[in-house]
Amino acid sequence: MPNLEVNIHNLILKNPVMTASGTFGYGQDFGDFYDVSKLGGIVTKAVSKEPRQGNFYPRMAETTSGMLNAVGLQNKGIDNFESVIYPELKKINTNIIINVAGHTVEDYVYVCERLNQLDHVHAIELNISCPNVKDGMAFGTSCPSATALTIAVRKVYHKTLIVKLSPNVTSIAEIAKAVEDGGADALSLINTLLGMAIDAEKRKTVLSTAMGGLSGPAIKPVALRMVYQASRAVSIPVIGIGGIMNGIDAVEFLLAGASAVQVGTANFINPNAALETITGIEDYLNRHSINDVNELIGML
Ligand SMILES: Cc1cc2nc3c(=O)[nH]c(=O)nc-3n(C[C@H](O)[C@H](O)[C@H](O)COP(=O)(O)O)c2cc1C
């Protein structure tokens, strides 16, 4: 049996596979399919200070080898998270990573300070990269804002701080460095690419918001390229996300420089996708007589 354990700063993951924010709810819904404690970690849907309604329907559209979404960070806010969702998450025996969204620095700081008090929250993932809300990318597309937000959160959050980057930038290396300079412990990338779908018959955009975030296999080559560039620009660990459907896709991200991966859109197609990604990595290691998954990281 090869070793699958990897480290992301102080987080010890039993294997390198997590689920991506917004594609796995808060973990419970998938409990009917398999024991979600087998995952290396679960990244929750975004949690914000106040409840958010999300955008009007239609807010999802299928595209060639992918999908567009404009869900808009819908969630019930931190109070509901703490009283209703958190007690359920405590029953899951793996790393729980809370994705955090906000309109202002103060919003992010408020939520992260509250999450810092909760023992079974092992890390936070700062979402500075949502393309389908009005101010969702404000912090993730400017280096000074990304650094300032990371510094502010770092002061109140003392466990593992992951910052999730947007691909909608000119230089991923620069923004990665800016976030590292702000004190992040790890980076995750990529969030969705800003895209659009048009219904020619109706002469209308498909999504109510006109534009939305593109995800799925269509974005994998972009994600691989960005993980490759970002991991060479920083010395903190990078978590690879974007179009991962199976173990081989995950191995490609590890080779590109990721220390772990997240499975997103694939969960909508096959609810067992994340679990099968773990066994796929294990099969690859066995086939190549590699004893430790860490040997793959950045091996390209
Ligand atoms: C329906 C949907 C909702 C999402 N919600 C969030 C979110 O709340 N926070 C976030 O950081 N990313 C969110 N994402 C982005 C994913 O976590 C991931 O970064 C992206 O989809 C790329 O990975 P994939 O191609 O494996 O899906 C969402 C993606 C989808 C498809």
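Everything below is about the structure shown above.
Residues numbered from 1 in each chain as written. Predicted model: local features only at pLDDT ≥ 70, side-chain atom pairs only at ≥ 80, totals over all residues.

### Here we look at the packing of helix α6 (residues 247-256) against helix α8 (residues 273-287)
Consideration 1: Where α6 meets α8, the closest approach of the two axes is 7 Å, and the angle between their N-to-C directions is 70 degrees. Classed by the angle they form, the pair α6 and α8 counts as roughly perpendicular. Our pair here, α6 against α8, has a crossing hand that is right-handed. Taking contact as the criterion, the partners of G247, I248, A250 and V251 in α6 are, on α8, T277, T279, G280, I281, D283 and Y284. (Axes fitted to C-alpha atoms, helices over the stretch in contact; angles between N-to-C directions. Helix = DSSP H or I, 4+ residues; strand = E, 2+ residues; numbered from the N terminus. Parallel < 35°, antiparallel > 145°, perpendicular 65-115°, else oblique. Left-handed = near helix turned anticlockwise from the far one by under 90°. Contact = placed C-beta atoms within 7 Å.)

### Side note on the site of the ligand
Consideration 1: The environment of the ligand is formed by 25 residues, the closest being A20, G22, S215, G264 and T265.
Consideration 2: Residues belonging to the shell around the ligand are distributed by class as follows: nine nonpolar, 14 polar and two charged. (Near = placed C-beta within 6 Å. Nonpolar A, V, L, I, M, F, W, Y, C, P; charged D, E, K, R; others polar.)

### A few points about the sheet that holds strand β6 (residues 66-69)
Consideration 1: The strand order across the open sheet built from four strands is β5-β6-β14-β11, with neighbouring strands paired in antiparallel fashion. The open sheet has two free edges, formed respectively by β5 (60-63) and β11 (193-196), since each of these has just one partner strand. Across the sheet, the mean angle from the axis of one strand to that of its neighbour is 40 degrees, orientation sign disregarded.
Consideration 2: Alignment of β11 against strand β14 (residues 211-215), held across four bridges, turns out to be antiparallel. Across the sheet, the residue bridging to G195 is G212, located in β14. (Pairing = 2+ DSSP bridges.)

### Digging into α6
Consideration 1: With eight of 10 residues buried, α6 is to be regarded as a mostly interior element.
Consideration 2: Of the positions making up α6, those classed as buried are G247, D249, A250, V251, E252, F253, L254 and A256.
Consideration 3: Taken together, the buried residues of α6 touch β3 (17-19), α5 (220-233), β15 (238-241), β16 (260-263) and α8.
Consideration 4: At the C-terminal side of α6, G257 shows a positive phi close to 130 degrees. (Buried ≥ 20, exposed ≤ 12 C-beta atoms within 10 Å, placed from the backbone.)

### Regarding the pairing of β14
Consideration 1: The buried count for β14 comes to four of five residues, which makes it a mostly enclosed element.
Consideration 2: Here β6 pairs with β14 via three bridges, running antiparallel. By the bridge assignment, N69 is partnered in β14 with G213.

### Things to note about helix α1 (residues 77-89)
Consideration 1: With 13 residues, α1 extends just 16 Å between its outermost C-alpha atoms, more than 12% less than the 18 Å of an ideal straight helix rising 1.5 Å per residue.
Consideration 2: The principal kink in α1, of about 40 degrees, is found at S83, preceding the proline P87 by one to four residues.
Consideration 3: Taken together, the buried residues of α1 touch α2 (105-116). (Expected span 1.5 Å × (residues − 1). Bend = angle between axes of the 7 residues up to and from the residue.)

### Things to note about the nonpolar core
Consideration 1: The biggest cluster of nonpolar side chains holds 97 residues, and the ones touching the most others in it are I124, L187 and V227.
Consideration 2: No other element matches the six residues that α5 contributes to this core.
Consideration 3: Filtering out sequence-adjacent residues up to four positions away, L187 remains in contact with I162, V163, L165, A176, V179, A230, V234, I236, V238 and I239. (Core = buried A, V, L, I, M, F, W, Y, C linked by C-beta atoms within 7 Å.)

### Comments concerning the pairing of strand β7 (residues 95-100)
Consideration 1: The buried fraction of β7 amounts to six of the six residues, a majority that puts the element mostly inside the structure.
Consideration 2: Side chains N95, I97 and N99 of β7 all project onto a buried face; the interleaved residues I96, I98 and V100 project onto the opposite face, where all are buried too.
Consideration 3: Two strands pair when backbone bridges link them, and strand β4 (residues 41-43) and β7 are joined in this way by three bridges, in the parallel orientation. Within β7, the residue paired with I42 across the bridge is I96.
Consideration 4: Two strands pair when backbone bridges link them, and β7 and strand β8 (residues 123-127) are joined in this way by four bridges, in the parallel orientation. Directly across from N99, in β8, lies its bridge partner E125.

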